[in-house]
Amino acid sequence: MPEALLTVSDIHTYYGDSYVLQGLSLSLARGRIAAILGRNGMGKTTLVRSVAGLTPPRQGEIHYRGQSLKGLPPYAIAQQGIAIVPQGRRIFKSLSVRENLLLPTSVLARSARASEPRAGKRWDFDAVLKEFPQLAERIDNPGGALSGGEQQMLAIGRALMANPELILMDEPSEGLSPRLVLQVQEIMQRLRALGQAILLVEQNLQLALSAADDVYVLSAGRFVFQGTAADLAGEAGVLDQHLGVSSVKNH
Ligand SMILES: Nc1ncnc2c1ncn2[C@@H]1O[C@H](COP(=O)(O)OP(=O)(O)OP(=O)(O)O)[C@@H](O)[C@H]1O
Ligand SMILES: [Mg+2]
């Protein structure tokens, strides 16, 4: 079996005394997309924070490209090639679109690793603007003047600028209109076709199932389902109890 890109092994993550992730394991192969589904407050963002080193697990191990991430601060994990598209987008509202896109590269450039030519390096400023022409049109506007959908594109474009091998995406469709959710869905499918590995946190079932190879359902800090999108469609109990839907719509 080829070595997984990301392996999470029985992690337990706390905020102070609050015990949130209660033994999660998952494996993501290179170029694949895994979706983490689950209702509000179940621990999805905490999983993203655990991988990114923002709230490291107190027990358990996370390996990236076969190396343990234990003890590494968030910037060192980013330098290894893991980018985040955070929940709520977190773009810099007073900085221009251009500055938002260029900022992470200037930070990463401080590491020797990022300045080495990386195999398969695909994204730079021009490539990102070509992928998101709407951002090109608004390049000198402040981030705060963009619509929700454009801010999401900016957050994704900013992550791509680092040429990450893995992107952690936390609810990219949150707060977007159905039309914009479809736009995000198209972006996900393009990234999938390009072989971009993504750990995708979502509450939008259709978006997650259309993009993901593997699906995990999180409930109160534990996975209650793990399988393919097709497997999940046959799990009426999981759909009803943990996702609040009676069936998976055809799409
Ligand atoms: N900084 C924090 N300090 C203490 N508890 C926290 C903190 N952040 C989250 N929690 C708690 O941890 C649990 C999991 O939260 P988390 O943000 O991971 O959920 P989520 O699945 O991402 O939810 P949502 O879909 O609303 O974003 C919740 O009970 C939440 O209240
Ligand atoms: Mg969250």
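As shown above, the structure is provided for reference.
Residues numbered from 1 in each chain as written. Chains lettered and ligands numbered in written order. Predicted model: local features only at pLDDT ≥ 70, side-chain atom pairs only at ≥ 80, totals over all residues. Heavy atoms only, no water.

Participant: Just checking my understanding: could you explain the overall build of the chain for this structure?
Facilitator: Counting its regular elements, the chain contains 11 helices and 10 strands. Since a compact globule built from 251 residues should have a radius of gyration of about 18 Å, the 18 Å found for the chain is in line with a globular shape. Oriented by its inertia axes, the alpha-carbon framework of the chain measures out at about 50 × 40 × 40 Å. Across the 251 residues that make up the chain, the buried fraction comes to 49%. (Helix = DSSP H or I, 4+ residues; strand = E, 2+ residues; numbered from the N terminus. Rg over C-alpha atoms; globule rule 2.2 N^0.38 Å. Buried < 20%, exposed > 50% of the residue type's maximum accessible area, 1.4 Å probe, protein only.)

Participant: Could you clarify how one ought to interpret the side chain of N163 in this entry?
Facilitator: Topologically, N163 is positioned in the loop between α7 (148–160) and β7 (166–170). Taking relative accessible area as the criterion, N163 reaches 9% and is therefore assigned buried. Within the structure, the side chain of N163 is placed 2.7 Å from the backbone oxygen of W123, a separation counted as a polar contact. (Polar contact = N/O pair within 3.5 Å; in protein donor to acceptor, adjacent residues only side chain to side chain.)

Participant: Mind showing me how you'd approach the site of ligand 1 here?
Facilitator: Not every one of the 13 residues close to ligand 1 is listed here, only the nearest: G41, K44, T45, T46 and Q87. The backbone of G41 places a nitrogen or oxygen atom 2.7 Å from an oxygen atom of ligand 1. Ranked by residues supplied to the shell around ligand 1, first place goes to helix α1 (residues 44–52) with three residues. Its residues placed into classes, the shell around ligand 1 shows three nonpolar, seven polar and three charged. (Near = heavy atom within 4 Å. Nonpolar A, V, L, I, M, F, W, Y, C, P; charged D, E, K, R; others polar.)

Participant: Is there a simple way to think about the sheet that holds strand β8 (residues 197–202) in this case?
Facilitator: Sheet strands pair by backbone hydrogen bonding; their relative direction is either parallel or antiparallel. Strand order in the open sheet formed by six strands is β6-β7-β8-β3-β9-β10, with mixed pairing between adjacent strands. In the strand order of this sheet, the two ends are held by β6 (82–85) and β10 (222–228), each with one partner. Adjacent strand axes in the sheet meet at a mean angle of 15 degrees, parallel and antiparallel pairs treated alike. In the packing of α7 onto the sheet, the strands contacted are β6 and β7, and the crossing angle to β6 comes to about 170 degrees. Strands in contact with helix α11 (residues 236–243) are β3 (33–37), β9 (214–219) and β10; relative to β9, the strand with the most contacts, it is inclined by about 50 degrees. (Pairing = 2+ DSSP bridges. Axes fitted to C-alpha atoms, helices over the stretch in contact; angles between N-to-C directions. Contact = heavy atoms within 4.5 Å.)

Participant: So what exactly am I meant to see when it comes to the coordination of the magnesium ion (ligand 2) here?
Facilitator: Think of it this way: four donors in a tetrahedron around the metal ideally sit 109.5 degrees apart, and six in an octahedron ideally sit 90 or 180 degrees apart. Within the protein, T45 (OG1) and Q87 (OE1) serve as the donor atoms for the magnesium ion (ligand 2), at 2.0 to 2.2 Å. One end of the pair, T45, is in helix α1; the other, Q87, is in the loop between β6 and α3 (97–108), and 42 residues separate them in sequence. (Donors = N, O, S within 2.8 Å, 3.2 Å for Na, K, Ca; no water.)

Participant: Sorry, what's going on with the sheet that holds strand β2 (residues 18–28) here?
Facilitator: Pairing in this open sheet of four strands is antiparallel, and the strands run β2-β1-β4-β5 from one edge to the other. In this open sheet, the two strands that pair with only one neighbour each are β2 and β5 (67–68). Of the strands in this sheet, β1 (6–15), β2 and β4 (59–64) touch α1, which is tilted by about 110 degrees from β1.

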